[in-house]
Amino acid sequence: MNARNMREKDVLMDKTVPDLNSAVAGIEDGMVVMVGGFGGSGAPIELIHALIDRFKATGSPKNLTVVNNNAGNGRIGIAAMIDAGMVAKMICSFPRSADPRAFTEKYLAGEIGLELVPQGTLAERIRAGGAGIPAFYTPASYGTDVAKGKPVAEFDGKHYVQERWLKADVAILKAELADTLGNLTYRKAARNFSPLMAAAAARTVVQATRIVKPGDIDPEQVITPGIFVDAVVEVADAKQEEALMRQGVAYA
Amino acid sequence: MSQKLSNAQIAWRAAQDIEDGAYVNLGIGFPEMVAKFQPPGKQAIFHTENGVLNFGEAPAEGEEDWDLINAGKKAITLRPGAAFFHHADSFAMVRGGHLDVAILGTYEVAENGDLANWSTGPKGVPAVGGAMDLVHGAKRVAVITDHVTKDGKPKLVKKCTLPLTGVGCVTRVYTSLAVLDIENQRFVLREKLPTMSVDELQALTGAELVLPNTIGDLVAPEL
């Protein structure tokens with residue numbers, strides 16, 4: 001066998017899964033689930049809705065802790081998960097939106113937990129989780145209510161707050177291109193938290209607008225290397241959450 | 001009070017101090033207006049927390065791409081030389097001292113530079129977003145605000161009473177009546193409306209003003 005054949009035969013791994021149901025199959029009760037996206041930009045709406053479908057059919061997964069910058073908008077995506085009663089707690093920086101009623105109603109009724117994290121701290125906690133750094137110090141929140149109970153230290157005359165890594169059982173993300181090895185690109189500002197979450201979750205599941213073969217994404221253009229990705233499913237006609245919101249779509 | 005600057009005029013005044021080529025983050029809401037008033041010949045590069053550098057104005061209605069938004073979830077466009085990056089890089093730009101200016105709105109700002117702009121108290125759903133990060137790291141942290149609340153109470157105070165966003169972080173305040181620097185934990189008056197006396201301004205300010213030898217006139221065009 002010559003070297004050329006070796007290279008072609010080398011690529012045996014294939015992380016594609018056939019459909020959305022298989023993609024979300026490993027998500028169980030009580031798990032911590034990171035969901036990519038900032039508002040509607042990058043929200044993996046089809047994966048979220050597949051998870052809701054499973055919950056409605058089987059009663060599981062429930063008691064989820066969901067990590068996202070926000071806490072859902074309108075009656076779709078994370079808001080629809082909250083409406084369905086699948087979410088026990090949100091870890092986020094900004095649980096408000098154009099239409100935050102799903103979270104707001106449950107929060108004010110004491111039916112959902114909230115861990116409020118400054119946005120940069122949330123990003124860095126997730127980054128640290130994926131990078132094997134258990135804790136770090138940040139100037140953000142020093143001297144504020146958000147820092148209460150957290151260790152503080154002085155470095156070069158300035159005060160910093162200790163924050164801990166944040167990891168997840170599963171991340172569900174939206175990418176533009178994926179190859180079968182899980183290398184990813186994103187579309188415009190839809191990247192946001194997703195590359196960090198991909199690394200911080202024990203299992204990372206990605207919906208991609210198109211799945212291509214290894215080599216079809218220029219290595220110079222790969223944003224998330226496939227080592228951080230476990231499963232990819234193609235959703236060619238993926239919807240955009242903000243666009244759905246503006247059409248008044250409810251997922252029920 | 002005889003007159004005051006409109007929000008647009010406050011934003012205009014803040015925009016005059018942004019250097020050509022400065023990297024700038026504008027807070028959600030009122031501060032976004034600053035982008036409209038960049039002086040001719042000075043081009044700032046705007047940063048938004050969700051991972052875009054060098055974005056431009058909003059697209060025409062119907063032209064929005066909802067994957068291309070700012071931290072306020074509003075649709076934006078890109079200028080030539082824009083860049084996308086993930087959230088950890090975005091906040092490395094913020095905390096790492098790479099931004100030249102952050103401009104924020106506020107409920108209260110204290111003479112020691114403490115800022116309270118994220119919560120009006122324990123009611124409702126708390127939400128902080130990127131404010132607690134943004135107040136650290138930018139070389140200048142400026143606040144734009146009405147000088148007093150809707151009820152006429154000072155927003156420039158000796159000590160903040162609302163929950164803090166950051167401690168000792170604000171360097172300059174642009175209000176509807178004055179421009180002030182925060183130096184050595186005091187408000188130093190740099191400019192005031194020419195129609196207003198120092199005593200009148202002091203009466204509307206919740207902390208003692210430091211008066212340098214030269215106090216400029218705060219004058220903005222009709223906008």
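Basis of the calculations
- Residues numbered from 1 in each chain as written.
- Chains lettered and ligands numbered in written order.
- Predicted model: local features only at pLDDT ≥ 70, side-chain atom pairs only at ≥ 80, totals over all residues.
- Heavy atoms only, no water.
- Helix = DSSP H or I, 4+ residues; strand = E, 2+ residues; numbered from the N terminus.
- Buried < 20%, exposed > 50% of the residue type's maximum accessible area, 1.4 Å probe, protein only.
- Contact = heavy atoms within 4.5 Å.
- Areas by Shrake-Rupley, 256 points an atom, 1.4 Å probe, with all protein chains shown as cover.
- Lys, Arg positive; Asp, Glu negative; His and termini not counted.
- Charge placed at Lys NZ, Arg CZ, Asp CG, Glu CD.
- Axes fitted to C-alpha atoms, helices over the stretch in contact; angles between N-to-C directions.
- Left-handed = near helix turned anticlockwise from the far one by under 90°.
- Nonpolar A, V, L, I, M, F, W, Y, C, P; charged D, E, K, R; others polar.
- Pairing = 2+ DSSP bridges.
- Polar contact = N/O pair within 3.5 Å; in protein donor to acceptor, adjacent residues only side chain to side chain.
- Core = buried A, V, L, I, M, F, W, Y, C linked by side-chain atoms within 4.5 Å.
- Salt bridge = Lys/Arg side-chain N within 4 Å of Asp/Glu carboxyl O.
- Buried area = accessible area lost by both parts, 1.4 Å probe.

Caption draft 1: Quick look at the overall build of chain A. Regarding its fold elements, chain A presents eight helices and eleven strands. Summarising its shape, the C-alpha atoms of chain A cover approximately 65 × 50 × 30 Å along the three principal directions. Counting every position in chain A, which comprises 252 residues, the buried fraction comes to 53%. Sequence-distant contacts, at least 24 apart, represent 76% of the contacts inside chain A between residues at least 6 apart. Summed over all atoms, the accessible surface of chain A reaches about 10,700 Å², with 50% contributed by carbon and sulfur. The averaged location of the 29 negative side-chain charges in chain A is 1 Å from the averaged location of its 28 positive side-chain charges.

Caption draft 2: Spotlight on the environment of Gly96(B). Among the secondary structure elements, Gly96(B) is positioned in the loop between α2 (87–95) and β5 (101–104). Considered as a pair, Gly96(B) and Gly137(B) are 41 residues apart in the sequence and their alpha carbons are 5.7 Å apart.

Caption draft 3: Layout of the packing of helix α4 (residues 77–84) of chain A against helix α5 (residues 101–108) of chain A. All names here are of chain A. Running from N to C, α4 and α5 cross one another at 35 degrees; their axes reach a closest spacing of 8 Å. Read as a crossing pair, α4 and α5 show a hand that is left-handed. Of the residues in α5, those touching α4 at Ala79, Ile82 and Asp83 are Ala102, Phe103 and Lys106. A per-class count over the contact of α4 with α5 returns four nonpolar, no polar and two charged.

Caption draft 4: Broad picture of α5(A). Residue and element names in this part refer to chain A. Of all the residues in α5, the buried ones are Ala102, Phe103, Thr104 and Lys106. Turning to α5, the residues buried within the fold contact α4, β3 (87–92) and β4 (113–116). At the exit of α5 stands Gly110, carrying a positive phi of roughly 70 degrees.

Caption draft 5: Here's a closer look at the pairing of strand β7 (residues 158–164) of chain A. Residue and element names in this part refer to chain A. As paired strands, strand β5 (residues 135–138) and β7 are joined by four bridges and run antiparallel to one another. By the bridge assignment, Phe136 is partnered in β7 with Glu163. Looking at chain direction, strand β6 (residues 152–155) and β7 are connected through four bridges and run antiparallel. Note that in β7 the partner of Ala153 across the bridge is Tyr160. What sits between the antiparallel neighbours β6 and β7 is a turn of two residues, in which Asp156 has the positive phi angle 45 degrees.

Caption draft 6: Quick peek at the side chain of Thr144(A). Residue and element names in this part refer to chain A. Turning to its location among the elements, Thr144 is positioned in the loop between β5 and β6. We classify Thr144 as buried; its relative accessible area is 6%. At 2.7 Å, the side chain of Thr144 and the backbone oxygen of Ser141 are in polar contact.

Caption draft 7: Geometry of the nonpolar core. Ranked by size, the top nonpolar core spans 54 residues in total, and within it Val24(B), Val34(B), Ile103(B), Val170(B), Val173(B), Leu180(B) and Phe187(B) carry the most contacts. In terms of residue count, the dominant contributor to this core is helix α1 (residues 7–16) of chain B (five residues). Core analysis: the second largest hydrophobic core is formed by 34 residues, Ile82(A), Val170(A), Val205(A) and Val233(A) among them.

Caption draft 8: Representation of the pattern of salt bridges. This structure, assessed with the given rule, holds 29 salt bridges over all chains. Taking the shortest distance from any N to any O, the salt bridge between Arg54(A) and Glu28(A) comes out at 3.8 Å. One end of the pair, Arg54(A), is in helix α3 (residues 45–58); the other, Glu28(A), is in the loop between α2 (20–23) and β1 (32–35), and 26 residues separate them in sequence. Judged by relative accessible area, which is 37%, Glu28(A) ranks as partly exposed. The salt bridge partner of Lys4(B) is Asp146(B), with a shortest N-O separation of 2.8 Å. Of this pair, Lys4(B) sits in the segment before α1 while Asp146(B) sits in the loop between β8 (140–145) and β9 (156–157), placing them 142 residues apart in sequence. Residue Asp146(B) is classed as partly exposed on the basis of its relative accessible area of 22%. Several salt bridges share partner residues, and in doing so they unite Arg13(B), Asp17(B), Arg172(B), Asp181(B), Glu183(B), Arg190(B) and Glu191(B) into one network.

Caption draft 9: Structural detail: the interface of chain B and chain A. Taken together, the contact pairs 34 residues of chain B with 48 residues of chain A. Between chain B and chain A lies a buried interface of about 3,300 Å² when both sides are counted; carbon and sulfur atoms form 64% of it. At the junction of chain B and chain A, the tally comes to four salt bridges. For the salt bridge of Arg95(B) with Glu124(A), the shortest nitrogen-to-oxygen distance reads 3.7 Å. Where the side of chain B that touches chain A is concerned, the elements lending two or more residues are α2 and α3 (131–134) of chain B. Here the side of chain B that touches chain A gets four residues from one element, more than from any other, and that element is α2(B). Of the residues in the side of chain B that touches chain A, the class split is 18 nonpolar, ten polar and six charged.

Caption draft 10: Up close: the sheet that holds β9(B). All names here are of chain B. The three strands are arranged β7-β6-β9 in an open sheet whose pairing can be described as mixed. At either end of the open sheet lies a strand with only one pairing partner, and these are β7 (115–116) and β9. Bridge count for strand β6 (residues 108–110) against β9 is two bridges, and the pairing is parallel. Within β9, the residue paired with Ala110 across the bridge is Val157.

Caption draft 11: View of the sheet that holds β6(A). Residue and element names in this part refer to chain A. Across the sheet, three strands lie side by side as β5-β7-β6; this open sheet has antiparallel pairing. With partners counted over all chains shown, the strands left at the sheet margins are β5 and β6, one partner each. Here the strands of the sheet are splayed against their neighbours by 40 degrees on average, with no regard to which way each runs. This element, helix α6 (residues 119–131), spans β5 and β7 of the sheet and lies at about 155 degrees to β5.

Interpretation note: all reported values are geometric properties and have no functional meaning in isolation.
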